[in-house]
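Here is how the chains run, residue by residue.
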Amino acid sequence: MAQISLTFPDGNKRDFASGVTAAEVAAAISPGLAKKAVSALVDGAPFDLQWPIEGDARIAIHTLQDEAVALELIRHDLAHIMARAVQELWPEVKVTIGPVIKDGWYYDFDRAEPFSAEDLGAIEAKMKQIINARDPVKTEVWERDAAIAFYKAKDEPFKVELVEAIPADQKIRMYWHGPWQDLCRGPHLQHTGQVPADSFKLMSVAGAYWRGDSRNKQLQRIYAVAFRNREDLKAHLTMLEEAAKRDHRRLGKEMELFHLQEEAPGMVFWHPNGWLIYRTLEDYMRRRQRGAGYQEIRTPQVVDRVLWERSGHWEAYRENMFIVEVDEDGAKEKRINALKPMNCPCHVQVYNQGLKSYRNLPLRLAEFGSCHRYESSGSMHGLMRVRGFTQDDAHIFATPDQIETECASFIALLTSVYHDLGFDRFEIKLSTRPDVRVGSDEVWDKAEGALEQAINGLGLPYQIAEGDGSFYGPKLDFKLTDAIGREWQCGTFQCDFNLPDRLGAEYVGEDGAKHTPVMLHRAILGSFERFIGIMIENYAGRLPFWLAPRQVVVAAIVSDADAYVHQVVAALKARGVRAEADVRNEKINYKVREHSVGKVPVILAIGMKEVEERTVSLRRLGDTKTETLSFDTVLDDLATAALAPDLV
Ligand SMILES: [Zn+2]
Ligand SMILES: [Zn+2]
């Protein structure tokens, strides 16, 4: 039999017979590794321990210690184990698909009865039995027609449909977890006992259409989470509890910030308190951007489809656009417009007014651009996922040589803004050229190199996502980490070689010839709506003083103090502090409780002693103690705290 040479991660090479499995390779290294091995990486691709290796290759054997690989496998095997458990409990249930998702997996089932909480408990118990049975996982490759016949005989219509969608000449990989069979690309663990039995949990049931299409049958989707050990599962469940306590939708109600309603799904009705946060943040961003050399513009919301056709959005993005038809001047033909889903094409229109030369570049045009995108009603979530939103958008028109410095100054601005808003931890991902793309390799080399050098120049760590760039250029994504460890992708910096060319943007170069500028799309917050949602949850409603919509309540302990209360409020307001009086005939403890629910950061209580001594009793949100201080000192401190960080 032919020999093949396998290269291990440490550079060592070893010969094996062609067709050797990764499990056999692991056994040849040590019996301990054979037992602990969960999968392999062969020439960089995930590889099942049972698959034969036919030629020379690089190989790495993984155990549960390799976190990313282990989590993927555990969750994937659990999806199969859950489907098996469901069919063992209710043989009439039809199975469909069950992919791995963030933190876990889901599986869609066709069952007439809805799954109850008790059902989920029964499924979990059955899954633990299957895990404890340490059933072997087996795999075979079948002819497509044999697989179709097999699923027809088993009366699994969804599986039949899945196999029928695969080209006729393609072989089908089948997997068995003990006696239970499923169609799968693999890889899988060696046996069910490699899944930790105490580190998963079935979370919820939701409706889902077969293949995500509302014309198809509605299925039941069971969501679940899984980790490598019990501690990680516990930490995750605690984080979810903490997240529920911080839910911005609940806090939004308690703090009277905003509401959403049926008549305008995914569009925010901002109330005075919420709008104060929004405007304070917007004013701050406006100052920061002006300081960084951006010029603010404003472009139309309703734009004729002709421009969207030219920009390519009509073809590629039509499904997400809100269409506005106008019967102009009673003409027979309606004019078709769209609400802008993004600002970019409009910014090129501003750029295109008047001849530009290299001396005008870089030109930084910013807009707090109000955009609308259609999102399915099921995907919307409070402020986090909406249909109407405002981006802190800007486009920089630049020469290819300017990408690096523009990128570096953008990252510096983003870092400083995130710091001011309380986020010091963020990750950068650099996405490079995909297979299908516009622009020459030379331009891509230059742009990717510029982004990389900009990050390196700032000494920041980053990850590379090979081939993940847009077809129009490489990009950076910025993901920040909140107070309970959740990650949110907010900032972006994208090079675009396509749109300026499509829309005829030009500049006269030093050589006197016409050139197309590079367009740099960039945002720091992403959208104001979502970012405010993230901030509310990050701070659990206790926003930094300068952003708190209600900053100070001055509360009378006795009605004889009312006049002094009003004086204190007036003095605070005159120094730019958002202060209000509470002179209701209520007990002070009642007032404190109520304003704590509204997340007012400072309460100043005033009784007769304070009136006589010109002092205030200061109580901060979350503190149980009060401090009696001279009002003049408090006034100075609060006036300083009320300033945005860039104004201090
Ligand atoms: Zn599978
Ligand atoms: Zn853009």
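Our subject is the structure that appears above.
Residues numbered from 1 in each chain as written. Chains lettered and ligands numbered in written order. Predicted model: local features only at pLDDT ≥ 70, side-chain atom pairs only at ≥ 80, totals over all residues. Heavy atoms only, no water.

1. A look at the overall build of the chain
Okay, step 1: Along its length, the chain carries 20 helices and 35 strands.
Okay, step 2: If you line up the chain on its principal axes, its C-alpha atoms span 95 × 70 × 65 Å.
Okay, step 3: Intrachain contacts of the chain at a sequence separation of at least 6 include 69% that bridge at least 24 residues.
Okay, step 4: With 80 positive and 96 negative side-chain charges, the chain shows a separation of 3 Å between the mean positions of the two kinds. (Helix = DSSP H or I, 4+ residues; strand = E, 2+ residues; numbered from the N terminus. Contact = heavy atoms within 4.5 Å. Lys, Arg positive; Asp, Glu negative; His and termini not counted. Charge placed at Lys NZ, Arg CZ, Asp CG, Glu CD.)

2. Here's the deal with the coordination of the zinc ion (ligand 2)
Okay, step 1: Here the zinc ion (ligand 2) is held by Cys 344 (SG), His 395 (NE2) and His 521 (ND1), and the distances to it run 2.0 to 2.3 Å.
Okay, step 2: Given a relative accessible area of 8%, Cys 344 falls into the buried group.
Okay, step 3: A relative accessible area of 9% means that His 521 is categorised as buried. (Donors = N, O, S within 2.8 Å, 3.2 Å for Na, K, Ca; no water. Buried < 20%, exposed > 50% of the residue type's maximum accessible area, 1.4 Å probe, protein only.)

3. Section: the nonpolar core
Okay, step 1: Counting residues in hydrophobic clusters, the biggest one holds 63 residues, and the most contacted among them are Tyr 418, Leu 421, Leu 476, Phe 478 and Phe 531.
Okay, step 2: In terms of residue count, the dominant contributor to this core is helix 13 (residues 403–420) (eight residues).
Okay, step 3: Within the second largest apolar cluster, 30 residues are counted, among which are Val 38, Ile 123, Ile 131 and Trp 180. (Core = buried A, V, L, I, M, F, W, Y, C linked by side-chain atoms within 4.5 Å.)

4. A closer look at the sheet that holds strand 12 (residues 172–177)
Adjacent strands of a sheet pair through backbone hydrogen bonds, lying either parallel or antiparallel.
Okay, step 1: Ordered by their spatial adjacency, three strands build an open sheet running 11-12-13, and the pairing between neighbours is antiparallel. Either end of the sheet is taken by a strand with one partner, and the two such strands are strand 11 (137–142) and strand 13 (180–183). Strand after strand, the sheet turns through a mean of 25 degrees between neighbouring axes, direction not considered.
Okay, step 2: Relative to strand 13, strand 12 runs antiparallel, the two sharing four bridges. Across the sheet, Trp 176 pairs through a bridge with Gln 181, a residue of strand 13.
Okay, step 3: In this fold helix 5 (residues 144–153) packs onto strand 11, strand 12 and strand 13, with an angle of close to 45 degrees to the strand it touches most, strand 12. (Pairing = 2+ DSSP bridges. Axes fitted to C-alpha atoms, helices over the stretch in contact; angles between N-to-C directions.)

5. Points about the coordination of the zinc ion (ligand 1)
Okay, step 1: The zinc ion (ligand 1) binds to the protein through His 76 (NE2), His 80 (NE2), Cys 184 (SG) and His 188 (NE2); the donor distances cover 2.0 to 2.1 Å.
Okay, step 2: Classification of the site at the zinc ion (ligand 1) as tetrahedral follows from its four donor atoms and the range of 92 to 131 degrees in their angles at the metal.
Okay, step 3: One chain supplies every donor for the zinc ion (ligand 1), spaced along it as H-x3-H-x103-C-x3-H. One end of the pair is His 76 and the other is His 80, both in helix 3 (residues 67–89) and four residues apart, which spans about a single turn.
Okay, step 4: Of the residues examined, His 76 reaches a relative accessible area of 15% and is grouped as buried.
Okay, step 5: Look at His 80 and you get buried, because its relative accessible area is 4%. (Tetrahedral: all angles 85-135°; square planar, octahedral: opposite > 155°, others 65-115°.)

6. As for the sheet that holds strand 25 (residues 463–465)
Okay, step 1: Overall, mixed pairing links the eight strands, which are arranged 18-22-23-30-27-26-24-25 in an open sheet. Unpaired on one side and paired on the other, strand 18 (295–296) and strand 25 mark the two borders of the sheet.
Okay, step 2: As paired strands, strand 24 (residues 426–431) and strand 26 (residues 475–481) are joined by six bridges and run antiparallel to one another. The partner of Ser 431 across the bridge, within strand 26, is Lys 475.
Okay, step 3: Against the sheet, helix 12 (residues 344–351) touches strand 22 (363–372), strand 23 (388–398) and strand 30 (518–527), its axis set at about 145 degrees to strand 22.
Okay, step 4: The strands touched by helix 13 within the sheet are strand 22, strand 23, strand 24, strand 26, strand 27 (487–496) and strand 30, with strand 30 carrying the most contacts at an inclination of about 5 degrees.

7. Focus: a nonpolar patch on the surface
Okay, step 1: A cluster of nonpolar side chains, contributed by Ile 557, Val 558 and Met 608, occupies part of the molecular surface with about 220 Å² of accessible area.
Okay, step 2: Within the element layout of this structure, Ile 557 appears in the loop between strand 31 (552–556) and helix 17 (562–574).
Okay, step 3: The class of Ile 557 is partly exposed, set by a relative accessible area of 40%. (Patch = residues over 30% accessible without salt bridge, like charges linked within 9 Å, V, L, I, M, F, W, Y side chains within 5 Å. Areas by Shrake-Rupley, 256 points an atom, 1.4 Å probe, with all protein chains shown as cover. Salt bridge = Lys/Arg side-chain N within 4 Å of Asp/Glu carboxyl O.)

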